[in-house]
Structures are given as C-alpha cells and as structure tokens.
Amino acid sequence: MTITVLDDSGAVAAALAERVASALRDKPDAVLGLASGRTPVDGYAEMQRLHAAGQMDWSRASTFNLDEFAGISGDHPGSFRTFMEEHLFNGVNLRPERVHFLNGAAGDLDAECEHYESAIAAAGGIDLQLLGIGSNGHIGFNEPGDDLPLRTHRVTLMESTRRGNAALFGNDPRKVPTEALSMGIGTILHARRIVLVATGEKKAECIRQTINGRITTRVPASLLQVHTDVELLLDREAASKIR
Ligand code: F6R
C-alpha cells in the first residue's frame, strides 16, 4: 500500500483529480470505477474544472459506479446516479453510453448484478477504481460481517450506513432504502489500480484498521492489503492514528 498524507481535504481533492487526469492521459479509453459519497465531491469538482480548462478529456473513457440503492430508479433525487450527474457527469464530456450504473429499480436484482459483472468484463476490467471508506470500514456497500460476497450482489444496509446517507433523502434515515446493490470485494480487488480517499477525524480509526490491522471481513477495507497497487490519499486527520 502506498500511503500519501496531505495537509488538508483540499489537497486530497487535488491529488485525486490529478490521479484520474494522469490515468486518462496515459490511457484515454481507461475504464474508471467511481465512488459516490461526500469525500470525493471536491475531487470531482476539480476534475470538472480541469475538463473546462481543456486539461482532461473524458470522451473515450468508460465508468462503472460502485453501488446504488435498491428500490429507487436512477432519476430519483436520492440515487447515487443523480448524485454523480450533479457532481461529475454534468461537467465532463463522458459519452452517456459509456456511463454504467447498477439499476436499483431492475425487476430482477440478482440478474442485474450478474449483468453488471459481465459488462465490466466486456469493457476489459477496471483500470482505476476510486474508493471512499465508511467509518465502519466498508468499501462500496460491502458491510462488515462474517463473510463478504465476492461479486456484485444485493446487500442489506446497516443502520449506521443508512444514517450516513440520510442527507440524500431529506435528512431522514428512515427514507434511505434498506437494500442496495454493490460491486463485491472480488470485483473491487480485480481492478488494476485502486485509489482510496479518506478525510477527517471520523475516518482515523477505520484507516488505522485498514493499514495496521489484520485482514478481516469485519473491516472490509483491510482486504485491500492483498492488492499490489493501492494508494490511500489521506488528510492529516484521517491519518492521525496510523502506527
Ligand atoms: C459510495 C460508497 C461508500 C462511500 C463511503 C464513504 O459509492 O461506496 O463506500 O465511499 O460510505 O462515504 P463518505 O465519503 O460520504 O464518507
């Protein structure tokens, strides 16, 4: 694991945008795995700025988002798809047919998960996967547990995760769907390169466990220790408990 500690969340955002911009410079048709959540938002804003300045061309890139709520459609105001439209897609020249999202409103959610795995494989696999981390150590919606599903799957969200996403649903955790679809831990670990971003003191403990703890399904991010090309972009607060 490469651990990069930066002064503040602004520097983390700039570094995240730079990692993606350089991936697109090296491989204009790169397949990017994207995360929603608050942490990468400033990084996405910086990517939009780089695009507007003519320094980032997304025209040949493809994207696959990590996860989506079940039971709502992509155009629901609380969906991760709406979130990504607002924070990234609206401001870059991604081709709509190269944007891939799990459809939480699909009639057969298991078939939808299988279809997503096939689509990732058909695109040639993920070149660069961006991740955030939940304070419980989740990546994607792979929640801590006795075991972790390998591939894209349905997941029952923990109460803490529903509370963490309440802002998308009028600040009411009860309105956050109870179920979601998520890439599996194997799907994530198959990405050729992974960049995880974490900022703020609330993430310090899960970051310590991810880096210094043993590998355990109780801290899904700890499985990143087995990957050969992972970078953690952290601000000082998120890095404050690393030994
Ligand atoms: C989002 C996702 C989640 C978030 C995590 C951190 O697509 O998969 O794992 O990355 O919950 O969320 P924030 O950044 O809001 O703290």
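Just so it is clear, the model here is predicted, and its values are computed rather than measured. (Residues numbered from 1 in each chain as written. Predicted model: local features only at pLDDT ≥ 70, side-chain atom pairs only at ≥ 80, totals over all residues. Heavy atoms only, no water.)

Caption draft 1: Summary view of the packing of aromatic side chains. Counting across every chain of the model gives 5 aromatic pairs. Ring geometry for Phe80 and Phe141: centres 5.6 Å apart, planes at 25 degrees, overall stacked. Here Phe141 lies in the loop between β6 (128-131) and β7 (153-156) and Phe80 lies in helix α3 (residues 80-87), a separation of 61 residues in the sequence. Residue classification places Phe80 among the buried residues on the basis of a relative accessible area of 4%. Assessed through its relative accessible area of 3%, Phe141 is described here as buried. Each member of the aromatic cluster is reached from another via a ring pair, and the members are Phe69, Phe80, Phe141 and Phe169. (Phe/Tyr/Trp six-rings, centres within 6.5 Å; stacked < 30°, edge-to-face > 60°. Helix = DSSP H or I, 4+ residues; strand = E, 2+ residues; numbered from the N terminus. Buried < 20%, exposed > 50% of the residue type's maximum accessible area, 1.4 Å probe, protein only.)

Caption draft 2: Layout of the site of the ligand. By nearness alone, 14 residues border the ligand, and Thr39, Asp67, His138, Gly140 and Lys203 come closest of all. At 2.5 Å, a side-chain N or O of Thr39 approaches an oxygen atom of the ligand. Relative to its unbound accessible area of 410 Å², the ligand is 91% covered by the protein chains. Classifying every residue of the shell around the ligand by side-chain character gives 4 nonpolar, 7 polar and 3 charged. (Near = heavy atom within 4 Å. Polar contact = N/O pair within 3.5 Å; in protein donor to acceptor, adjacent residues only side chain to side chain. Areas by Shrake-Rupley, 256 points an atom, 1.4 Å probe, with all protein chains shown as cover. Nonpolar A, V, L, I, M, F, W, Y, C, P; charged D, E, K, R; others polar.)

Caption draft 3: Just the side chain of Ser222, in detail. Positionally, Ser222 belongs in the loop between α7 (204-212) and β10 (230-235). On the basis of relative accessibility, which here comes to 0%, the residue Ser222 falls in the buried class. Leave out the neighbours within four places in its chain, and Ser222 touches Gln209, Thr210, Arg214, Ile215 and Thr216. (Contact = heavy atoms within 4.5 Å.)

Caption draft 4: Inspection of the sheet that holds β7 at higher detail. Strand order across the open sheet formed by 3 strands is β4-β8-β7, with antiparallel pairing between neighbours. At either end of the open sheet lies a strand with only one pairing partner, and these are β4 (67-69) and β7. Shown here is a sheet whose adjacent strand axes are inclined to one another by a mean of 30 degrees, direction ignored. Bridge count for β7 against strand β8 (residues 179-182) is 4 bridges, and the pairing is antiparallel. Along β8, the bridge assignment pairs His153 with Ser182. Of the strands in this sheet, β7 and β8 are in contact with helix α4 (residues 109-122), which crosses β7 at around 125 degrees. (Pairing = 2+ DSSP bridges. Axes fitted to C-alpha atoms, helices over the stretch in contact; angles between N-to-C directions.)

Caption draft 5: Structural view of the environment of Leu232. Looking at the element boundaries, Leu232 is found in strand β10. In the structure, Leu232 is positioned 207 residues away from Arg25 in sequence and 21 Å away in space, judged by C-alpha atoms. Setting aside chain neighbours within four positions, we find Leu232 in contact with Met1, Thr2, Ile3, Thr4, Leu196, Ile207, Thr210 and Ile211.

Caption draft 6: Inspection of a nonpolar patch on the surface at higher detail. On the surface, Met1, Ile3 and Val5 cluster together to form a nonpolar patch covering roughly 220 Å² of accessible area. Mapped onto the elements of the fold, Val5 is located in strand β1 (residues 2-6). A relative accessible area of 38% places Val5 in the partly exposed class. (Patch = residues over 30% accessible without salt bridge, like charges linked within 9 Å, V, L, I, M, F, W, Y side chains within 5 Å. Salt bridge = Lys/Arg side-chain N within 4 Å of Asp/Glu carboxyl O.)

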